[in-house]
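Descriptive analysis of the structure
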Amino acid sequence: MSVTFAKGFSAAGVAAGISAVEGKKDLALVVNEGPLDAAAGVFTSNRFCAAPVQWSRKVVADGHVKAVILNSGGANACTGEAGYTQSKATAEKVAALVGAQPGDVAVCSTGLIGELLPLDNVLSGAAAAHEALAATPEAGADASHAIMTTDTKPKTVTLESKDGWRIGGMVKGSGMIAPQLATMLCVITTDAVVTAGQMQAALTNAAEHSFNRIDVDGCMSTNDTVLLLASGASGVEPDKDEFNTLVKDACASLARQIIGDGEGASHDIRITVTGATTEDAALACGRAVAASNLLKCAISGNDPNWGRIVSSLGTVPPDVAPYDSDKVTVDVNGVRICENGGAGRDRSEVDMTPREVHIDIDLNAGDAEATVWTDDLTHEYVHINADYES
């Protein structure tokens, strides 16, 4: 169902000839039919942010978005004034098609950095997508396919509240994944009656606990965009706590699906740090371990090398995460292979056959905890990124 699960939204995905992959669906359009057009967004913090990010930040600033156009096949990043002009022209085209102002149309792009888009293809693709708009499950599925690059499958979520209002969403992301945010284009829709301010607070918190806690390869994108749109078509004003929870659940599901489709990955790695003095301390420790390429390679080889875990843990400064290294324990898939900073049970006892690998680190310094997700690094990851065409 994707973005069309929530009432008041139509979508389409078409092949516009943008992607290097012939015949691939590479342009998606999502339109909010109302009666509301409330919106919120979070974006990459990369200083080389792409032209569509620059444009869409301004669009979302007033809390209103009528439509979103998204393309794969080209990032339109590091393209200067010409790239920004392309994003503006794309928004103007969509605005004319849907009867909105250009300032109410968000633009998202993903693909190869440093090249302008084939604008004629983008504009003709926008017209084709507008003709194909529908509020059907198939249309939502087409849109979720159109935003994929190295993804091997579409990633979607659908949730329904006890009061009948809905959330639907889609995301793309497989590689170039690191906190703040992760490499993604994401559109989440809801038919709840909510304000832009309420949505922004919910989305910011949800992203912090989901998209900002995954790490495939430690590489931050130039194009990350996560949008939350509300149509109000259910007529239901939700309980604030339930709304926050469902937005958080939607983001968590989509973030987990990104990890499950990490480029070439053979293991999804959950790293939970407990016993920290603060949540920030636990998060810093978890991220340090998740960023270790040595550990990722070891896990790829089915080797639960705890030395690579604690050596990464030890890079976190004491003022960020105070703990005594002689009191730290590490469990991998339920086997305590590091006890009090030294060798525990033999690592050969760890079953590494499951897709999920659970690394549990106890700092024994406090009561706070945090969890991050990452993937292993495989030969296939190198192959994908040595021959990337988008």
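As the structure is a prediction and not an experimental result, all values here were calculated from the model.

Conventions and cut-offs
- Residues numbered from 1 in each chain as written.
- Predicted model: local features only at pLDDT ≥ 70, side-chain atom pairs only at ≥ 80, totals over all residues.
- Heavy atoms only, no water.
- Pairing = 2+ DSSP bridges.
- Helix = DSSP H or I, 4+ residues; strand = E, 2+ residues; numbered from the N terminus.
- Core = buried A, V, L, I, M, F, W, Y, C linked by side-chain atoms within 4.5 Å.
- Buried < 20%, exposed > 50% of the residue type's maximum accessible area, 1.4 Å probe, protein only.
- Contact = heavy atoms within 4.5 Å.
- Phe/Tyr/Trp six-rings, centres within 6.5 Å; stacked < 30°, edge-to-face > 60°.
- Lys NZ or Arg CZ within 6 Å of the ring centre and 35° of its normal.
- Salt bridge = Lys/Arg side-chain N within 4 Å of Asp/Glu carboxyl O.
- Axes fitted to C-alpha atoms, helices over the stretch in contact; angles between N-to-C directions.
- Parallel < 35°, antiparallel > 145°, perpendicular 65-115°, else oblique.
- Left-handed = near helix turned anticlockwise from the far one by under 90°.
- Nonpolar A, V, L, I, M, F, W, Y, C, P; charged D, E, K, R; others polar.

1. Some details on the sheet that holds strand β12 (residues 329-332)
Read from one edge of the open sheet, 7 strands run β9-β16-β11-β15-β12-β13-β14, paired in mixed fashion. Two strands in the sheet have a free side with no partner beyond their single neighbour: β9 (214-215) and β14 (342-343). Bridge analysis of strand β13 (residues 335-339) against β14 gives 2 bridges, and the strand direction is antiparallel. Each bridged residue has a counterpart across the sheet, and for Cys338 the counterpart in β14 is Ala343.

2. Remarks on the nonpolar core
In terms of nonpolar packing, the biggest core is built from 46 residues, with Val68 and Leu70 touching the most fellow members. Of all the elements, strand β2 (residues 27-32) adds the most residues to this core, at 5 residues. Once you skip the residues sitting within four places of it in the chain, Val68 turns out to touch Ala28, Leu29, Val30, Ala106, Cys108, Val187, Leu227 and Leu229.

3. Examining the packing of aromatic side chains
Enumeration according to the criterion identifies 2 aromatic pairs in this entry. Looking at Arg166, its charged tip hangs above the ring of Phe5, at a distance of 4.2 Å from the centre. A cation sits over an aromatic face here: Arg256 above Trp373, 4.1 Å from the ring centre.

4. As for the pattern of salt bridges
Enumeration over the complete set of coordinates arrives at 10 salt bridges. As a salt-bridge pair, Glu92 and Lys88 come within 2.6 Å of each other at their nearest N and O atoms. Taken together, the residues Glu92 and Lys88, both in helix α2 (residues 80-98) and 4 residues apart, mark about one turn of the helix. Taking the relative accessible area as the measure of exposure, Lys88 reaches 37% and is therefore partly exposed. Among the ionic pairs, Asp303 bridges to Arg347, the shortest N-O distance being 3.3 Å. With a gap of 44 residues between them, Asp303 in the loop between α8 (293-300) and α9 (306-313) and Arg347 in the loop between β14 and β15 (356-362) connect regions that are remote in the sequence.

5. Looking at the pairing of β13
Relative to β13, β12 is paired through 3 bridges, and the arrangement is antiparallel. Paired with Val332 across the strands is Val335, a residue of β13. Counting the residues in the hairpin turn of β12 and β13 gives 2 residues, including Asn333, whose phi is positive at 50°. Taken together, β13 and the strand that follows it, β14, pair antiparallel across an intervening segment of 2 residues, in which Asn340 is found at a positive phi of about 55°.

6. Quick word on the environment of Ala75
You can see Ala75 is positioned in the loop between β4 (67-71) and α2. Judged by its relative accessible area of 1%, Ala75 falls in the buried class. Between the alpha carbons of Ala75 and Met352 there is a distance of 37 Å; along the sequence they are 277 residues apart. Not counting chain neighbours up to four residues away, the residues in contact with Ala75 comprise Ala50, Pro52, Ser109, Thr110, Gly111, Leu112, Ile113 and Asn223.

7. Regarding unusual backbone geometry
Glycine aside, negative phi is the norm for most residues, and most peptide bonds take the trans geometry. A cis amide bond links Gly34 to the next residue, Pro35, at an omega of 20°. Secondary-structure assignment places Pro35 in the loop between β2 and β3 (38-43). Of note in the backbone geometry, Asn302 takes a positive phi value of approximately 60° without being a glycine. Inspection of the secondary structure puts Asn302 in the loop between α8 and α9. Take Asn302: its relative accessible area is 40%, and that puts it in the partly exposed class. At Asn333, a position not held by glycine, the phi torsion is positive, near 50°.

8. Description of the packing of helix α5 (residues 196-208) against helix α6 (residues 240-260)
Angle between the axes and distance between the axes are the two parameters that describe a pair of packed helices. For the pair α5 and α6, interaxial distance at closest approach is 9 Å and the crossing angle is 45°. Classified by the interaxial angle, the pair formed by α5 and α6 is oblique. As α5 runs across α6, the sense of the crossing is right-handed. Two secondary-structure elements touch here, α5 through Gln198, Met199, Ala202, Leu203, Asn205 and Ala206 and α6 through Lys240, Phe243, Asn244, Val247, Lys248 and Cys251. Of the residues that constitute the contact of α5 with α6, the class distribution is 7 nonpolar, 3 polar and 2 charged.

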